[in-house]
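Secondary and tertiary structure notes
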Amino acid sequence: MKNKILIALAFVLTLVVALGGMKSRAEAVSMHMPEGASILNMMDILNLSKRADGFIEGTKYNGGGECRGFANKVYNRLFGLPGLSSYTYNNYGAESYPGSHVVGQLYDFGAGDSNAVRNLFWEVKPGAIIQMGRRYKLNSKKNAPKPHTAIFFYAASDGSGCAFYEANADGKKTIQVNFYSWADLADRNKGFTVYEPDNYPSK
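Think of each chain on its own: its residues are numbered from 1, step by step along the sequence as written. pLDDT decides what is reported in this predicted model: residues at 70 or higher carry local features, side-chain atom pairs at 80 or more are listed and counted, and totals for whole chains, interfaces and linings draw on all residues regardless. Each side-chain value is worked out from all heavy atoms of the structure, with water and hydrogens disregarded.

1. Quick notes on helix 2 (residues 39–51)
With 13 residues, helix 2 should reach 18 Å at 1.5 Å per residue; the first-to-last C-alpha distance of 18 Å fits that figure. Three labels apply to residues, based on accessible area from a 1.4 Å probe with only protein chains included: buried if under 20% of the type maximum, exposed if over 50%, partly exposed otherwise in between. Strands are runs of DSSP state E lasting at least 2 residues, helices are runs of H or I lasting at least 4, and numbering of each runs from the N terminus. Residues of helix 2 that are buried: Ile39, Asn41, Met42, Met43, Ile45, Leu46, Leu48 and Ser49. The N-cap of helix 2, judged by a side-chain oxygen 3.0 Å from the amide nitrogen of Leu40 a few residues on, is Ser38. By definition here, a helix of n residues has an expected span of 1.5 Å times n minus one. Identification of polar contacts relies on pairs of N or O atoms within 3.5 Å, with a donor-acceptor requirement for protein atoms, meaning one able to donate a hydrogen and the other able to accept it, and with residues adjacent in sequence counted only if both atoms are side-chain atoms.

2. Some thoughts on the nonpolar core
What we call a nonpolar core is a set of buried Ala, Val, Leu, Ile, Met, Phe, Trp, Tyr and Cys residues that are connected through their side-chain atoms within 4.5 Å. Ranked by size, the top nonpolar core spans 34 residues in total, and within it Phe70, Val74, Ile151, Phe153, Tyr154 and Tyr165 carry the most contacts. Those elements that provide at least two residues to this core are helix 2, helix 3 (66–79), strand 6 (145–156), strand 7 (161–167) and strand 8 (175–181).

3. A word on the confidence of the model for the protein
pLDDT measures how confident the predictor is about each residue, on a scale from 0 to 100. The predicted model of the protein has a mean per-residue pLDDT of 89, with 86% of residues at 70 or higher. Contacts were defined at the residue level, with two residues in contact if any of their heavy atoms lie within 4.5 Å. Confidence drops under pLDDT 50 across residues 1–11; counting only partners more than four residues distant or on other chains, this segment forms four contacts. Low pLDDT (under 50) marks residues 20–27, which in the prediction has 18 contacts with non-local residues, meaning those over four places away or in another chain.

4. Looking at the side chain of Arg135
Assignment of secondary structure puts Arg135 in strand 5 (residues 129–138). Separated by 3.1 Å, the side chain of Arg135 and the backbone oxygen of Phe109 make a polar contact. Within the local environment of Arg135, its side chain forms a polar contact with the backbone oxygen of Asn189, the two atoms lying 3.0 Å apart. Leaving out residues up to four positions away in the same chain, Arg135 has contacts with Phe109, Gly110, Ala111, Ala186, Asp187, Arg188, Asn189 and Lys190.

5. Looking at helix 4 (residues 114–121)
All buried positions along helix 4 are accounted for by Ala116, Val117, Leu120 and Phe121. Each buried residue of helix 4 sits inside an arc of 120° when the element is viewed along its axis, so together they form one side. For helix 4, the exposed residues lying more than 90 degrees away from the buried face are Asn115 and Asn119. For helix 4, the secondary structure elements touched by its buried residues are strand 4 (100–107), strand 5, strand 6, strand 7, helix 5 (182–188) and strand 9 (189–197). Summarising the geometry, the arc corresponds to the directions from the helix axis toward the C-beta atoms.

6. Section: the packing of aromatic side chains
Think of it this way: a Phe, Tyr or Trp ring, Trp meaning its six-membered ring, pairs with another when their centres are within 6.5 Å, and the plane angle makes it stacked under 30 degrees, edge-to-face over 60, tilted otherwise. This model, assessed by the stated rule, comprises 15 aromatic pairs. Ring centres of Phe70 and Tyr165 lie 5.2 Å apart, and the angle between their planes is 85°; on these two criteria the pair is classed as edge-to-face. Of this pair, Phe70 sits in helix 3 while Tyr165 sits in strand 7; the two residues are 95 residues apart in sequence, bridging distant segments of the chain. A residue is classified by how much of its surface remains accessible, and Tyr165, at 0% relative accessible area, is buried. Linked through ring pairs, Phe109, Phe121, Phe152, Phe164, Tyr180 and Phe192 together constitute an aromatic cluster. Between Lys125 and the ring centre of Tyr200, over which it is positioned, the NZ or CZ distance is 5.5 Å. Look at NZ for Lys and CZ for Arg. If either is within 6 Å of the ring centre and within 35 degrees of the ring normal, a charge sits over the ring. Taking NZ or CZ as reference, Arg135 lies 5.0 Å from the ring centre of Phe109, over its face.

7. Concerning the pairing of strand 7
With seven of its seven residues buried, strand 7 lies for the most part within the structure. Pairing between strand 6 and strand 7: four bridges, direction antiparallel. From the neighbouring strand, Ile151 faces strand 7, where its bridge partner is Tyr165. Two strands qualify as a pair provided DSSP detects at least 2 bridges between them. Between strand 6 and strand 7, which pair antiparallel and follow one another directly, the connecting turn spans four residues, one of which, Gly159, has a positive phi of 75°. Relative to strand 8, strand 7 runs antiparallel, the two being bridged by seven bridges. Bridging from a neighbouring strand, Tyr165 pairs with Val177 of strand 8.

8. Regarding the environment of Gly171
Of note, Gly171 is situated in the loop between strand 7 and strand 8. A residue is classified by how much of its surface remains accessible, and Gly171, at 60% relative accessible area, is exposed.

9. Some details on the packing of helix 2 against helix 3
At their nearest, the axes of helix 2 and helix 3 sit 11 Å apart, and the two run at 130° to each other. As far as their axial angle goes, helix 3 and helix 2 are oblique. Relative to helix 3, the crossing made by helix 2 is right-handed. Across the interface between the two elements, Asp44, Ile45 and Leu48 from helix 2 touch Val74, Arg77 and Leu78 from helix 3. Residues are grouped as follows: nonpolar covers Ala, Val, Leu, Ile, Met, Phe, Trp, Tyr, Cys and Pro; charged covers Asp, Glu, Lys and Arg; every other residue, Gly included, is treated as polar. Considered class by class, the residues forming the contact of helix 2 with helix 3 number four nonpolar, no polar and two charged. Lines fitted to the C-alpha atoms define the axes, with helices restricted to the stretch that makes contact. Angles between their N-to-C directions range from 0 to 180 degrees. Note on terminology: angles under 35 degrees are roughly parallel, angles over 145 are roughly antiparallel, angles of 65 to 115 are roughly perpendicular, and the others are oblique. Should the near helix be turned anticlockwise from the far one by less than a right angle, the crossing is termed left-handed; should it be turned clockwise, right-handed.

Laid out in structure tokens, this is it:
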């Protein structure tokens, strides 16, 4: 038991140090750990973003489907599930998500309602897949918010915001780990739906 605790602490320390450069601010960040999650779930994402070919932060995603294609690829790698398909009419949900379920949804909130966004994401587990619709951008048909898909990485334990693992947030297909304050997310997005595996692995 003592060895397991020491190993877990070592993982925590490694992750905190490694993530220090991922935020806009310089200091290392401490992660909030929701019930049922594990530091190893975060390590899986970190390992992909730093070491796995086709997933490395700062490189270009060259697969199909842009942001959703990348998020689905990560989701499949983490959990063996296909991810999301077919946007809902409002573009902040998915019509199909086999092997997964909705753990939270938020829409019809104000651009300044950061508390609502925090409440949505605070207990989300690492690796969850998020479908969202942009507040100030329309899709190609100009009839709904522009869709974006990302993988949830972690929420900061100081309550300042959360990090997404995503591609094409910059419109250039770049794979990134981006940290957003709750206010940023509320201002940029009109709606969110969060999905997790039916059998989320609590390692």
